[in-house]
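# Inside the fold
Residue-level listing of the chains:
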Amino acid sequence: MAELAATAWVRQTAPDGTGFIRAGSGAPVLLIHGVGMNATIWHDQIASMQDNHDLIAIDMLGHGGSPLPPEDAGLTDFADQALRLIDHLGLASVSIVGHSMGALVALEIALHAPSRVRSLVCLNAVFRRPAALAQAVRERAAALGSHGDASAIAATLARWFGDPLPESLADAAAMARAALEGVDPEGYARTYRLFARADAEHADTLARLAAPALFMTGSQDSNSTPAMSAAMARLAPHGQCLVLSGERHMMAMASPEKVSRHISAFLDTGQAAKPQADGTFDSGEFRRALGSFLTGVTIVTTIGAEGEPRGFTANSFTSVSLEPPLVLVCIAKKALGHSAFSTSRGFAINILSESQKAQSGIFASKAADKFASVGWQAGQTGNPLIDGSVAVFDCAMEQLVDAGDHSILIGRVRDFSHNGAQPLGYCRGTYVTPGLSQEALAAVPPDTEVGAILENEGRVLFFETSDGFHELPAGRGLGTSKDARSLRGCLAARAVEAQLGFLFAVWDDAANPSRTHVYYRGTVEGHYTDDRRVRLVDIEQIAALKIADPAVRSMLARYARERTQDAFGVYVGNEVEGEVQPLARPSPSAILQSGRR
């Protein structure tokens, strides 16, 4: 760290004995240090800010060259000292930067003399300490008779800078040690006892703080925690919170360039420095982090000015309100279709199924005629509705919101429909199929029974035996359509086109524990004639069927119950006992439903 003489500082003493340093020119800023320190700890801030600010660093009472505070001092004693100095210098108002105890003094000044404070930066401030932390601080205050002891100073430096001390902070720690070793013991004790009890002093008055205030602390400061700064910023009418990653209590000394930049930005603009300027905000990494959120995939459609269908792929879709029924989707301002969508009277959101990956890719491309590859029909409002979608929402434009490099389209739903097909997912730049893990099924033992409860418009598909019993489609493993013993082979033999979805039940055979049964939910399309003994049975009538396997009969009873509640789980156990593990609410049931507004 540079020698103090390297900076054009002027050490002065006010008429009341207050010691202070003054340097620079420009808007006046009062710097107030914490307990045990003195005005010189602001060395780096003065060096970097003096070209644009008139900087006054005060020695608070009992520290540096200033007189002792009263024996039973309060925050008003320290605030009055600072106000006397401001008066002495002929300054009508100042901005104040306070660290730790200095932040409490700064708040006291701003709350009791609001006309004298332009803005406020509270560094590593304390506020409503938790019980255990408050007790630790009180205990340290009670033991102050031994102040100056090398072990006590070492413990303080460890809290402030870390233990072991990083080599890069050796100079800052040495400067802090010199201040602690040189402080007047009585001044230190009187001030620390106040500091120990004043953490809730402004709890009831922060809501009246008139000045803009930045509450900044370090993520690793265990004494002036991020939660404290966030709470103060929330109470202050014009408060902001900023937490600096990896920083500790003495961050103004440990990372002076970073802290000074944020202080200057706030004093000059009323805002902390933007994250991009920190060099740690990577837009590419931000995009990848957002991609960690598993979403569905939609195609958003509208009709252009010339009557042509327009569309784009999006996963930035969400519901907004049930009453009125509102949804939203985002479109990039640089997208080719932005003009068409931002000026349209409405749009439709088509939620894609697992079988529509190709359509998703086409609508994400710059293909000339995207709609040539899909079947579609006009919805109630004229917007294109894509065939085969899991759900569609036909919307009138409710509101267009400008948001950075995107526009938010908020739509009022005029009509909608949905079915039981499995939705297509998207995460980390690739498609995912949350319904069925074929890789997992491929790895199961060959003797595993894999079956399915296949639904079509409120009916479940069964195979009827010659003696009048009903069975669910099942086989040895998932297999292929050419493997007659597998589930897919069984379905192919009866010309059943099915789409498997979410896992529904897994149980071990009670008579043969090495044999496992795995059943999925799914959907089926088409009409079936009696010659193949394929039956679609209403869910309400399943209980009356002749089903030989009691485990399957019990599973179907649970299916009917959970289907009514639209809250499915996964059974894991054996034929006799097990547990149903709840799932998040799945895609809507297989009955095609619609609603109009």
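Before going into details, it helps to say that this report is about the structure given with it. (Residues numbered from 1 in each chain as written. Predicted model: local features only at pLDDT ≥ 70, side-chain atom pairs only at ≥ 80, totals over all residues. Heavy atoms only, no water.)

## Quick word on the overall build of the chain
Counting its regular elements, the chain contains 16 helices and 30 strands. Relative to its 597 residues, the chain shows a buried fraction of 50%. Sequence separation of 24 or more characterises 69% of the internal contacts of the chain that already satisfy a separation of 6 or more. As displayed, the chain has an accessible area near 28000 Å², and 52% of this comes from carbon and sulfur atoms. (Helix = DSSP H or I, 4+ residues; strand = E, 2+ residues; numbered from the N terminus. Buried < 20%, exposed > 50% of the residue type's maximum accessible area, 1.4 Å probe, protein only. Contact = heavy atoms within 4.5 Å. Areas by Shrake-Rupley, 256 points an atom, 1.4 Å probe, with all protein chains shown as cover.)

## Structural notes on the nonpolar core
In terms of nonpolar packing, the biggest core is built from 98 residues, with Leu30, Met101, Leu120, Leu123 and Met216 touching the most fellow members. The leading source of residues in this core is helix 3 (residues 101–112), at nine residues. With residues up to four places along the chain from it excluded, the contact list for Met216 reads Val121, Cys122, Leu123, Asn124, Ser229, Leu242, Leu244, Met251, Val259, His262 and Ile263. Counting 19 residues, the second largest nonpolar core, distinct from the first, contains Ile453, Ala505, Met555 and Phe568. (Core = buried A, V, L, I, M, F, W, Y, C linked by side-chain atoms within 4.5 Å.)

## What to know about the packing of helix 2 (residues 75–88) against helix 3
Their axes nearest at 9 Å, the elements helix 2 and helix 3 cross at an angle of 75 degrees. Comparing their axes, helix 3 and helix 2 come out roughly perpendicular. The segment helix 2 lies against helix 3, with Leu75, Thr76, Phe78, Ala79, Ala82 and Leu83 engaging Met101, Leu104, Val105, Glu108 and Ile109. Class assignment of the residues belonging to the contact of helix 2 with helix 3 gives a composition of nine nonpolar, one polar and one charged. (Axes fitted to C-alpha atoms, helices over the stretch in contact; angles between N-to-C directions. Parallel < 35°, antiparallel > 145°, perpendicular 65-115°, else oblique. Nonpolar A, V, L, I, M, F, W, Y, C, P; charged D, E, K, R; others polar.)

## Section: the pattern of salt bridges
Side chains that carry opposite charge are capable of pairing whenever their charged atoms lie near each other. Enumeration over the complete set of coordinates arrives at 15 salt bridges. For Arg116, the salt bridge is made with Asp87, and the minimal N-O distance between the two is 2.8 Å. Of this pair, Arg116 sits in the loop between helix 3 and strand 6 (117–123) while Asp87 sits in helix 2, placing them 29 residues apart in sequence. The exposure class of Arg116 is buried, given its relative accessible area of 18%. Judged by its relative accessible area of 47%, Asp87 falls in the partly exposed class. (Salt bridge = Lys/Arg side-chain N within 4 Å of Asp/Glu carboxyl O.)

## Description of the sheet that holds strand 9 (residues 295–296)
Pairing is antiparallel across the open sheet formed by three strands, whose spatial order is 9-19-20. At either end of the open sheet lies a strand with only one pairing partner, and these are strand 9 and strand 20 (430–432). Inspection of the sheet shows strand 9 paired to strand 19 (residues 425–427) by two bridges, in the antiparallel sense. Paired with Thr295 across the two strands is Tyr426, which belongs to strand 19. (Pairing = 2+ DSSP bridges.)

## Digging into the packing of aromatic side chains
Think of a pair of aromatic rings as described by two things: how far the centres are apart, and how the planes are tilted against each other in angle. Tallied over the entire structure, the rule returns ten aromatic pairs. Ring centres of Phe312 and Phe341 lie 4.9 Å apart, and the angle between their planes is 85 degrees; on these two criteria the pair is classed as edge-to-face. Of this pair, Phe312 sits in strand 11 (residues 309–314) while Phe341 is found in helix 12 (residues 338–342), placing the two residues 29 residues apart along the sequence. Accessibility classification places Phe312 together with Phe341 in one group, the buried group. For the ring pair Trp507 and Tyr519, a centre distance of 5.5 Å and an interplane angle of 10 degrees mean the geometry is stacked. Within this pair, whereas Trp507 is found in strand 25 (residues 497–508), its partner Tyr519 is found in strand 26 (residues 516–525), the two being separated by twelve residues in sequence. A residue is classified by how much of its surface remains accessible, and Trp507, at 3% relative accessible area, is buried. Of the residues examined, Tyr519 reaches a relative accessible area of 3% and is grouped as buried. (Phe/Tyr/Trp six-rings, centres within 6.5 Å; stacked < 30°, edge-to-face > 60°.)

## A short note on empty space enclosed by the protein
Applying the stated criterion across every chain yields a total of two cavities of 30 Å³ or more. Here the largest cavity is characterised by a volume of approximately 220 Å³. As for the largest cavity, its lining consists of 19 residues, of which Ser100, Trp160, Tyr192, Phe195 and His249 are closest to the centre. Those elements giving two or more residues to the lining of the largest cavity turn out to be helix 4 (131–142), helix 5 (150–161) and helix 7 (185–197). Here the residues of the lining of the largest cavity sort into nine nonpolar, seven polar and three charged. (1 Å grid on protein atoms, 1.4 Å probe; cavity = no way out; pocket = protein on both sides within 12 Å on 5 of 7 lines; lining within 4 Å. Points joined across faces, edges and corners; volume = space filled by probe spheres on them.)

## Notes on the packing of helix 4 against helix 7
For the pair helix 4 and helix 7, the least separation of the axes is 9 Å and the interaxial angle reads 165 degrees. In terms of axis orientation, helix 4 runs roughly antiparallel to helix 7. For the pair helix 4 and helix 7, the sense of crossing is left-handed. Together, Val137, Arg140 and Ala141 of helix 4 and Tyr192, Arg193 and Ala196 of helix 7 make up the contact between the two elements. Residues belonging to the contact of helix 4 with helix 7 are distributed by class as follows: four nonpolar, no polar and two charged. (Left-handed = near helix turned anticlockwise from the far one by under 90°.)

## Topic: the pairing of strand 26
Judged by how many residues are buried, strand 26 sits mostly within the fold: eight of ten residues are covered. Bridge analysis of strand 21 (residues 449–456) against strand 26 gives seven bridges, and the strand direction is parallel. Residue Gly451 lies in a different strand from strand 26, and its bridge partner there is Tyr519. Judged from the nine bridges that link them, strand 25 and strand 26 form a sheet pairing that is antiparallel. Note that in strand 26 the partner of Ala498 across the bridge is Val524.

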